[in-house]
Amino acid sequence: MDDHALHIRLVAGDLDALAELYDLHSPFVYGVALRVTGSEGLAETITQELFAHLWERPGQFDPALGSLRGWLVSRSLHDAATRIEVS
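Just so you know, these numbers come straight off a predicted model, no measurement behind them.

## Considering the environment of Leu 77
Turning to step 1, where the next piece is worked out: Within the secondary structure, Leu 77 sits in helix H4 (residues 68-81).
Turning to step 2, where the next piece is worked out: When the C-alpha positions of Leu 77 and Tyr 30 are compared, they lie 9.7 Å apart, and in sequence the two are 47 residues distant.
Turning to step 3, where the next piece is worked out: Leaving out residues up to four positions away in the same chain, Leu 77 has contacts with Val 32 and Val 36.

Okay, structure coming up:
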């Protein structure tokens, strides 16, 4: 199933759609967060929080502006960058 159809299901409250989206996109979200933060634990937290946010506010993603994967990766990059410790 494509992201558009999964997003429609997610907006309708379909928890299985969230699971499918997580399976498809969490490796990319986690990978970006890990690369930016250098911390497996923080990357896991960012990934979990981002998908929880998507579940709670699926309307914040606008498919007219780009792909869901792109939105998720962009959010992951932003979230990771704001959490890294400056030495």
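And the narrative resumes.
## Remarks on the nonpolar core
Turning to step 1, where the next piece is worked out: Residues Leu 10, Leu 21, Phe 51, Leu 54, Leu 68, Trp 71 and Leu 72 are the most contacted members of the largest nonpolar core, which totals 13 residues.
Turning to step 2, where the next piece is worked out: For this core, the secondary structure elements donating two or more residues are helix H1 (3-11), helix H2 (15-37), helix H3 (40-56) and H4.
Turning to step 3, where the next piece is worked out: When residues of this core are assigned to their parent elements, the largest contribution, four residues, is made by H2.
Turning to step 4, where the next piece is worked out: Excluding its chain neighbours within four sequence positions, the residues that come into contact with Leu 68 are Asp 3, Leu 21, Leu 54 and Phe 61.

## Some points on the pattern of salt bridges
Turning to step 1, where the next piece is worked out: Enumeration over the complete set of coordinates arrives at four salt bridges.
Turning to step 2, where the next piece is worked out: Between Glu 49 and Arg 83 there is a salt bridge; the shortest N-O distance is 2.3 Å. Residue Glu 49 is found in helix H3, and its partner Arg 83 is found in the segment after H4; the two are separated by 34 residues along the sequence.
Turning to step 3, where the next piece is worked out: Taking the relative accessible area as the measure of exposure, Arg 83 reaches 32% and is therefore partly exposed.
Turning to step 4, where the next piece is worked out: One connected set of salt bridges, linked through shared partners, spans Arg 9, Asp 14 and Glu 20.

## What to know about the side chain of Ser 26
Turning to step 1, where the next piece is worked out: Tracing the backbone shows Ser 26 in helix H2.
Turning to step 2, where the next piece is worked out: Residue Ser 26 is classed as buried on the basis of its relative accessible area of 11%.
Turning to step 3, where the next piece is worked out: Not counting residues within four places of it along the chain, the set of residues in contact with Ser 26 comprises Leu 21, Thr 47 and Phe 51.

Calculation criteria
- Residues numbered from 1 in each chain as written.
- Predicted model: local features only at pLDDT ≥ 70, side-chain atom pairs only at ≥ 80, totals over all residues.
- Heavy atoms only, no water.
- Helix = DSSP H or I, 4+ residues; strand = E, 2+ residues; numbered from the N terminus.
- Contact = heavy atoms within 4.5 Å.
- Core = buried A, V, L, I, M, F, W, Y, C linked by side-chain atoms within 4.5 Å.
- Buried < 20%, exposed > 50% of the residue type's maximum accessible area, 1.4 Å probe, protein only.
- Salt bridge = Lys/Arg side-chain N within 4 Å of Asp/Glu carboxyl O.

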